[in-house]
Amino acid sequence: MENMVVAGLDIGTTKVACIIAEAGDDGELKLTGVGNCSSDGGLRKGVVVDIDKTVRAIKAAVEQAELMAGVDLDSVWAGIAGEHIKSMSSTGPVAITQEVTQADIERAIESAKAIDIPANYEMLHVITQGFRIDQQDGIKNPLGMGGVRLETQVHIITAQATRLQDLAKCVERAGLKLNKLVLEPLASSYAVLGKDEKELGVALIDIGGGTTDVAVYVDGNICHAAIVGLGGENVTRDIGQILRCPLEKAEDLKKKSGCAFQPLLRGDEKIVIPGLAGRDDKESGRELLVGVIEARVEEILSLAMREIKKTQYFDMLGAGVVLTGGGSMMEGMREKAENVFQRPVKIGVPRGFGGLAEAAKSPMYSTGIGLCMFAAEEIARDCRDGKKRGGGSGQSILGKMKDFFGKYF
C-alpha cells in the first residue's frame, strides 16, 4: 500500500515550522520536507494576535516544505500552546456484568469525561491512563476481564474555545484542512522521549520562543501538563534592554555568545555589543551577557519546576528532566537545569525517523516531528480499529499524475 503523507505544523511565537513525512504501513516515518518561517509578530505567548501575519507565516513555511518534499498538502496536524491550557485528572466508574466489553470501556471513559470545565473551554485531549476492576489497580487493558465494577483514570487537557477557533481559522485561511489540534508538549514527547523514560518518570520541558511547555510522564502515561508564559523571546528582550542594543542584534548575541551557566565561562572573554540607534558599538566582558541570560533562564526553569511541584510527581522523576525546543540549544542549558532541578538532565533531540534526518535533527523541530508521529500513530490506530483509512495530508506530484492519466486515458 502506498505510504501516507502526513504533515505537522508548529505554529510558535517566533517561528512557524512545517514538517512533511511519509508514514509507512510498518510504522516507519520518513521525513521528506522541512519549512521554517518567522512568525513576524503574529503570535504572543503561543496565542494568535494577528491572523493575517500568522496566515502569511503558515503559507511560507508550508510552501518551503512542499517544495522540498515534492507534494501539495491539503491538511495538517497543528500544535497548540498558551497559558490558557489547563489539565486535570478524572475517574469514571461503571457497573459491569460478568466480563468487560468494549462498550463498558467506552462508558467508563464517557463517565470520566462528565466533569465541570470552565466556561468557554473545550476538551482538547482525553488520555486514558489505566483501569481498575473491583479495587485491582494497574490494569492497562481490561477487555474480557471479569468483575462487577470498572473504573478508568483519564487525564483531560482543555483549552479556551476562542483560542482553538483562532488557530483553526489561521490554518484554514492558509488553504489547509485542520485534521487535529494537538498540545505541543504532548506532540514533542513523541519525538524525544523513550518508552523507558516515560515508565520511570520524566519531565519534558519544551522551551520555545514565547512559552515553555511542561509535560510529566509517570508509569508510561502523561499525568500533568502546563504552559509557562515565558520563553527565549524574553531572554532576547532582556539582553536588548539591559545591554541597550537592538532586538535583532540581541538575538544574534544570544545565539553566538550566549551561555546560561556562569561557571562555564573561560577566563576574561570579550564580546562586542552593537550600538542602539546609531550609537557606537562597545566592548564588554562576556560575563555581563551571561549574567543577563542566566537570571532569566533560572526564572523560566524555576517556574517550570513550580508547575511540576504543584503535583505529587516531582519525586517520581526517575529519568529526570528532558529539555527540548529552540531555547534548549544554548550553551549551559543542561548544566543550569541540573542546578535548578537537582535531577539528571539531557537535551532531547528528535529521533525515530528516516529521510531528512540531518536537516531536522534539532530540538527546534521536536514539536513538528512529534506532530507527524502523532498523526501516523492515529492513522495506524484507525486502521486497526477497522475505520476507513484517511487523514493523510497530501499527495505526491507523481501520484497526482497517475490519477490524471488513469482518469482520462
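Going by the structure above, here's the rest.
The rules behind each value
For every chain, the first residue of the written sequence is number 1, and numbering continues from 1 along that sequence. With the structure being a predicted model, the display of local features is reserved for residues of pLDDT at least 70 and the display and counting of side-chain atom pairs for 80 or more, all residues being used for whole-chain, interface and lining totals. For the side-chain quantities, the full set of heavy atoms in the structure was used; hydrogens and water were omitted. A run of H or I in DSSP becomes a helix once it reaches four residues, and a run of E becomes a strand once it reaches two; helices and strands are each numbered from the N terminus. Computation of the radius of gyration draws on C-alpha atoms alone. For the globule rule, the value is 2.2 Å times the number of residues to the power 0.38. For the exposure calls, accessible area comes from a 1.4 Å probe over protein chains only, and a residue counts as buried if that area is under 20% of its type's maximum, exposed if over 50%, partly exposed in between. Contacts: residue pairs with any heavy atoms within 4.5 Å of one another. In this charge count, Lys and Arg are treated as positive and Asp and Glu as negative; neither His nor the chain ends contribute. Note on charges: their place is set at NZ of Lys, CZ of Arg, CG of Asp or CD of Glu. To form a nonpolar core, buried Ala, Val, Leu, Ile, Met, Phe, Trp, Tyr and Cys residues must be joined to one another through side-chain atoms within 4.5 Å. Helices are assigned an expected span. That span is 1.5 Å times one less than the residue count. For two strands to be treated as a pair, DSSP must find at least two bridges joining them. The angle between two axes is taken between their N-to-C directions and runs from 0 to 180 degrees, where each axis is a line fitted to C-alpha atoms and a helix contributes only its stretch in contact. An angle counts as roughly parallel when it lies under 35 degrees, as roughly antiparallel when it exceeds 145, as roughly perpendicular when it falls between 65 and 115, and as oblique in every other case. When the near helix sits turned anticlockwise from the far one by under a right angle, the crossing is termed left-handed; a clockwise turn instead gives a right-handed crossing. Classification convention: Asp, Glu, Lys, Arg as charged; Ala, Val, Leu, Ile, Met, Phe, Trp, Tyr, Cys, Pro as nonpolar; all other residues, Gly among them, as polar.

## Some thoughts on the overall build of the protein
Along its length, the protein carries 12 helices and 21 strands. Taking 22 Å as the expected radius of gyration for a compact globule of 409 residues, we find that the protein reaches 23 Å, a close match to that expectation. Dimensions of the protein along its principal axes, counting C-alpha atoms only, are 80 × 65 × 40 Å. The burial tally for the protein puts 54% of its 409 residues in the buried class. Of the contacts formed within the protein by residues at least 6 apart in sequence, a portion of 67% connects residues at least 24 apart. Within the protein, one finds 49 positive and 57 negative side-chain charges whose respective centroids are separated by 3 Å.

## Overview of the nonpolar core
Of all hydrophobic cores here, the largest spans 72 residues; its most connected members are L9, L29, I58 and L73. With eight residues, the top contributor of residues to this core is helix α11 (residues 366-384). Residues V214, A260, I271 and L289 belong to the second largest nonpolar core, which totals 38 residues.

## Looking at helix α3 (residues 161-173)
It helps to recall that an α-helix has 3.6 residues per turn; residues three or four apart then point in one direction. Spanning 13 residues, α3 covers 18 Å between terminal C-alpha atoms, matching the ideal 18 Å at 1.5 Å per step. What α3 keeps buried is the set A161, L164, D166, L167, A168, C170 and V171.

## Overview of the side chain of S362
Within the secondary structure layout, S362 lies in the loop between α10 (357-360) and α11. With residues up to four places along the chain from it excluded, the contact list for S362 reads M329, V349 and P350.

## Observations regarding the pairing of strand β1 (residues 4-11)
Counting buried positions along β1 yields eight of eight residues, so the element is predominantly enclosed. Here β1 shows no split at all, with M4, V6, G8 and D10 on one side and V5, A7, L9 and I11 on the other all buried. Two elements, β1 and strand β2 (residues 15-23), share eight bridges in a ladder whose sense is antiparallel. From the neighbouring strand, I11 faces β2, where its bridge partner is V16. Strand direction decides the pairing type here: β1 and strand β7 (residues 75-80), joined by two bridges, are parallel.

## Structural notes on the packing of helix α6 (residues 232-243) against helix α7 (residues 247-257)
Where α6 contacts α7, the two axes come as close as 8 Å, and the packing angle between them is 110°. It follows from the interaxial angle that α6 and α7 lie roughly perpendicular. As for the relative orientation of α6 and α7, their crossing is right-handed in sense. Listed contacts from α7 to G232, V235, T236, R237, I239, G240 and L243 of α6 are L247, A250, E251, L253 and K254. Grouping the amino acids of the contact of α6 with α7 by side-chain chemistry returns six nonpolar, three polar and three charged.

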